[in-house]
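# Inside the fold
Given next are the chains, with one letter for each unit.
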Amino acid sequence: MEPFWNKTLTRDAFITIFTGAILALSCFYGPTVHMPFLVGILSGVGLGLLQPRKGWILAIEQVILTIVCYFCINSYRLLPPFDADATQFAAFFQFIPIFVGSFLGGFVKRAF
């Protein structure tokens, strides 16, 4: 039986750090919520494909990193948001497409 935390999960956790930062940046650059949600669902599917059984850990990490990166970018005024309300909405509700994408990616990987 393999241990719960292994080398591939560590590697995928580092990948999740970068995708969480990209996801937070997409919230600032998207004129509406559609582009950040598309990026969120695609990154969630990628997490599910990387770790079909443990993708929920990576999804939780990505949600936390997205919110933290959003607060860092917003509090230090590093990027001006295209639309402040849409940026905040996309950042706070990003957990839905991430978890759904992670579930779908894991389901597809296990099914085929």
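Just so we're clear, the structure is a prediction, and the values are computed from it rather than from any experiment. Residue positions are counted from 1 within each chain, in the order its sequence is given. In keeping with the model being predicted, local features are shown solely for residues with a pLDDT of at least 70 and side-chain atom pairs are shown and tallied solely at 80 or more, while totals for entire chains, interfaces and linings include all residues. Each side-chain value is worked out from all heavy atoms of the structure, with water and hydrogens disregarded.

## Topic: the packing of aromatic side chains
The test is simple: The criterion for an aromatic pair is that two Phe, Tyr or Trp rings (for Trp, the six-membered ring) have centres within 6.5 Å, with stacked assigned to planes under 30 degrees apart, edge-to-face to planes over 60 apart and tilted to the rest. When accessible area is computed with a 1.4 Å probe and restricted to protein chains, residues below 20% of their type maximum are described as buried, those above 50% as exposed, and intermediate ones as partly exposed. For a Lys NZ or an Arg CZ to count as sitting over a ring, it must be within 6 Å of the ring centre and within 35 degrees of the ring normal.
Tallied over the entire structure, the rule returns 8 aromatic pairs. On the basis of an interplanar angle of 35 degrees and a centroid distance of 6.3 Å, the ring pair of F93 and F95 is categorised as tilted. Overall, F93 belongs to the partly exposed group, its relative accessible area being 35%. Above the ring of F4, the side-chain terminus of K54 is found at 5.2 Å from the ring centroid.

## A few points about unusual backbone geometry
Operational definition: The helix count covers DSSP runs of H or I at least four residues long, the strand count covers runs of E at least two residues long, and both are numbered beginning at the N terminus.
Unlike most non-glycine residues, R77 shows phi in positive territory, near 55 degrees. Assignment of secondary structure puts R77 in the loop between α3 (55-75) and α4 (84-92).

## Focus: the environment of I60
Counting through the fold element by element, I60 comes out in helix α3. The partly exposed category is assigned to I60, whose relative accessible area is 38%. Each C-alpha atom of the pair I60 and P80 lies 27 Å from the other, and the pair is 20 residues apart in sequence.

## As for the nonpolar core
To keep it simple, the criterion reads: Nonpolar cores were defined as sets of buried Ala, Val, Leu, Ile, Met, Phe, Trp, Tyr and Cys residues, with membership established by side-chain atoms within 4.5 Å. Between two residues, a contact is recorded if the distance between any of their heavy atoms is within 4.5 Å.
Membership of the largest hydrophobic core is limited to 8 residues, which are C27, F28, V33, Y70, I73, A86, A90 and A91. Within the residue set of this core, elements represented by two or more residues are α1 (7-29), α3 and α4. Those residues in contact with C27 that sit more than four places away from it in its chain are P36, T87, A90, A91 and Q94.

## Brief notes about the side chain of Q51
Following the sequence through the fold, Q51 ends up in the loop between α2 (34-50) and α3. In this structure Q51 touches T8, L9, D12 and L58, once residues within four positions along its chain are discounted.

## What to know about the confidence of the model for the protein
As a reminder, the rule being used: Residue-level confidence of the predictor is summarised by pLDDT, bounded by 0 at the bottom and 100 at the top.
With 100% of its residues at a pLDDT of at least 70, the protein reaches an overall mean of 93. Across the protein, element-level confidence peaks in α2 with a mean pLDDT of 96 and bottoms out in α4 with 93.

## Some remarks on the pattern of salt bridges
To be explicit about the condition: Whenever a carboxyl oxygen of Asp or Glu lies within 4 Å of a side-chain nitrogen of Lys or Arg, that contact is scored as a salt bridge.
Enumeration according to the criterion identifies 2 salt bridges in this entry. Here E2 ties to K54 by a salt bridge, and the two come within 3.8 Å at their closest N and O atoms. Of the two residues, E2 is situated in the segment before α1 and K54 in the loop between α2 and α3; the sequence distance between them amounts to 52 residues. What makes E2 exposed here is its relative accessible area of 55%. Ionic pairing is found between R11 and D12, a salt bridge with its closest N-O pair at 3.1 Å.

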